[in-house]
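# Structural description and commentary
Residue-level listing of the chains:
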2 protein chains.
Amino acid sequence: MIGILDSGTGGLTVVRALMEALPRVQMVYLGDTARAPYGGKSPETIKAYALQNAAFLVGKGVRALVIACNTVSSCAAGDLASRFDLPVFEAVSPGAGQALEVSRKLRIGVMGTRATVESGIYPRKIQALNPEAKVFCAACPLLVPLVEEGWLNRPETNRIVKKYLHPLKVRQIDTLILGCNHYPVLKKTIQRKIGMRVKLVDSARALAVRLKALVAGNPEYITDAEYSGNRETCRIYLTDTAARFRKTAGLIMGKDISVRRADI
Amino acid sequence: MIGILDSGTGGLTVVRALMEALPRVQMVYLGDTARAPYGGKSPETIKAYALQNAAFLVGKGVRALVIACNTVSSCAAGDLASRFDLPVFEAVSPGAGQALEVSRKLRIGVMGTRATVESGIYPRKIQALNPEAKVFCAACPLLVPLVEEGWLNRPETNRIVKKYLHPLKVRQIDTLILGCNHYPVLKKTIQRKIGMRVKLVDSARALAVRLKALVAGNPEYITDAEYSGNRETCRIYLTDTAARFRKTAGLIMGKDISVRRADI
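Everything quoted here is computed from the prediction, not taken from an experiment.

## Thoughts on the packing of helix α1 (residues 12-21) of chain A against helix α10 (residues 203-216) of chain A
Helix packing for two helices is described by the angle between their axes and how far apart those axes are. Residues and elements named next belong to chain A. With their axes 9 Å apart at the nearest point, α1 and α10 run at an angle of 35° to one another. Here the hand of the crossing between α1 and α10 comes out right-handed. Of the residues in α10, those in contact with T13, V14, A17, L18 and A21 of α1 are A204, R205, L207, A208, L211 and K212. Partitioning the contact of α1 with α10 into residue classes produces 8 nonpolar, 1 polar and 2 charged.

## Some remarks on the domain arrangement of chain A
Residues and elements named next belong to chain A. Each assigned domain of chain A is listed with its residue range as follows: domain 1 (2-90 + 206-261) and domain 2 (92-203). Its C-alpha centre places domain 1 at a distance of 23 Å from the equivalent point of domain 2. Only α2 (43-59), α3 (70-83) and α10 provide two or more residues apiece to the side of domain 1 that touches domain 2. Broken down by element, the side of domain 1 that touches domain 2 gets its largest block of residues, 5 residues, from α3. Of the residues belonging to the side of domain 1 that touches domain 2, the class tally is 10 nonpolar, 9 polar and 3 charged.

## Observations regarding the sheet that holds strand β3 (residues 64-67) of chain A
All names here are of chain A. Pairing is parallel across the open sheet formed by 6 strands, whose spatial order is β4-β3-β1-β2-β9-β10. Only two strands of the sheet have a single neighbouring strand rather than two, namely β4 (88-89) and β10 (259-261). Both strand β9 (residues 234-238) and β10 contribute to a ladder of 3 bridges, which runs parallel. Considered in β10, the bridge of Y237 is made with R260.

Rules and cut-offs
Residues numbered from 1 in each chain as written. Chains lettered and ligands numbered in written order. Predicted model: local features only at pLDDT ≥ 70, side-chain atom pairs only at ≥ 80, totals over all residues. Axes fitted to C-alpha atoms, helices over the stretch in contact; angles between N-to-C directions. Helix = DSSP H or I, 4+ residues; strand = E, 2+ residues; numbered from the N terminus. Left-handed = near helix turned anticlockwise from the far one by under 90°. Contact = placed C-beta atoms within 7 Å. Nonpolar A, V, L, I, M, F, W, Y, C, P; charged D, E, K, R; others polar. Domains from an automatic or database assignment. Pairing = 2+ DSSP bridges.

Given below as structure tokens:
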């Protein structure tokens, strides 16, 4: 059984990709909707919350932890790995690796929350793999609230996306990492504003691809005696189960799902 | 000594107004920046956090509680009053009263967070004072992040304000309550978009006016043996003391202030 932690509901895109690839894998998801968004908070707060959230999942008996959120991955992956005796998979490395695979000029842009950008994790990870790469980051703090309000194809959103991407465009990037689970729903707008030749890398999808390979090679993650049989394959916990969070969760999972409340 | 609780730093506008009017009043402020914003969360989460925050202030020995935040006032004022044996002052009633004083046609608009609007508190409070009044509410969820990003005079913000105000404008309101501490910095834009004849009511200022009268009549709130003398008149605690929160706090208070971290 795999534990997946996220600051909200966006990490369910990773869950869904995994369920489609490996229908038998058992998962427990925790989205900290009560304290979200994390993107503007300090690394100390993000670490403290991530440790509490991970402890909740570890208490459920998971055998591996997946951090579906870029912000948490940026600030707390090391702390989680050293605190818990479990493999920890984070959301930054897969996208960083994939960007290097697809980039020709090694000029890579990254969109992220303020906490992700200020952590400097993307340049560090990318340049550790290839020191020749140039990495340019843009903090895009308004995109999370815009997406959460469903303002996807509105002129205001398009203008704000254009403004955020301008500094990356003048740096002539050829690859752009969508370094937050909220951004892929703005993919068309982002592609149009950054230019059709720039390759987009979806960090959540890159994480799901890496996890698929990993889970397929480690059957102990897949099944769990306690949860075999006809039980649901993913239990979803949210710290705030307000109707709008349940609705978003249902939209991402593409079906009627039951959501449990976690008190943390 | 008075305890002032808020979801973030916006409630410091109330603190500042009080300090200017009554320089000797002792205050302790708690802003829950780590878990903010509250405006999109469920009433259950807001109540739970408000109770924890109030307990922190009560532990500091305050003799009255002021809820500077409209969202917390909307969802948790009753719970705080019944849980703690202290006078509790909330941010909705003063603005509601002032709106009735200045409105001629009794057609009153309210801008607020989603939680404030969904609570229905403004129509309830206003109609309890005058059942003839018509109250029209608009949830403005993107204004808090726009203000926090400092996007005050940008065309994107102006367009979004216009969009939010449109349903109030067609109802021909003559008075508009700014039902969130973040909105007064957008006052000029709001006035332009709603029309110059509509009277704006600043709920934070209305609260400060009411508190001044109250504190002046109750000297036990003002001084406190433990904090008399040359000590600072307001101790400010934030649950996340990231540089951007400290900066905002300093901007509102108009001077270099020291901020303490509260672990809640």
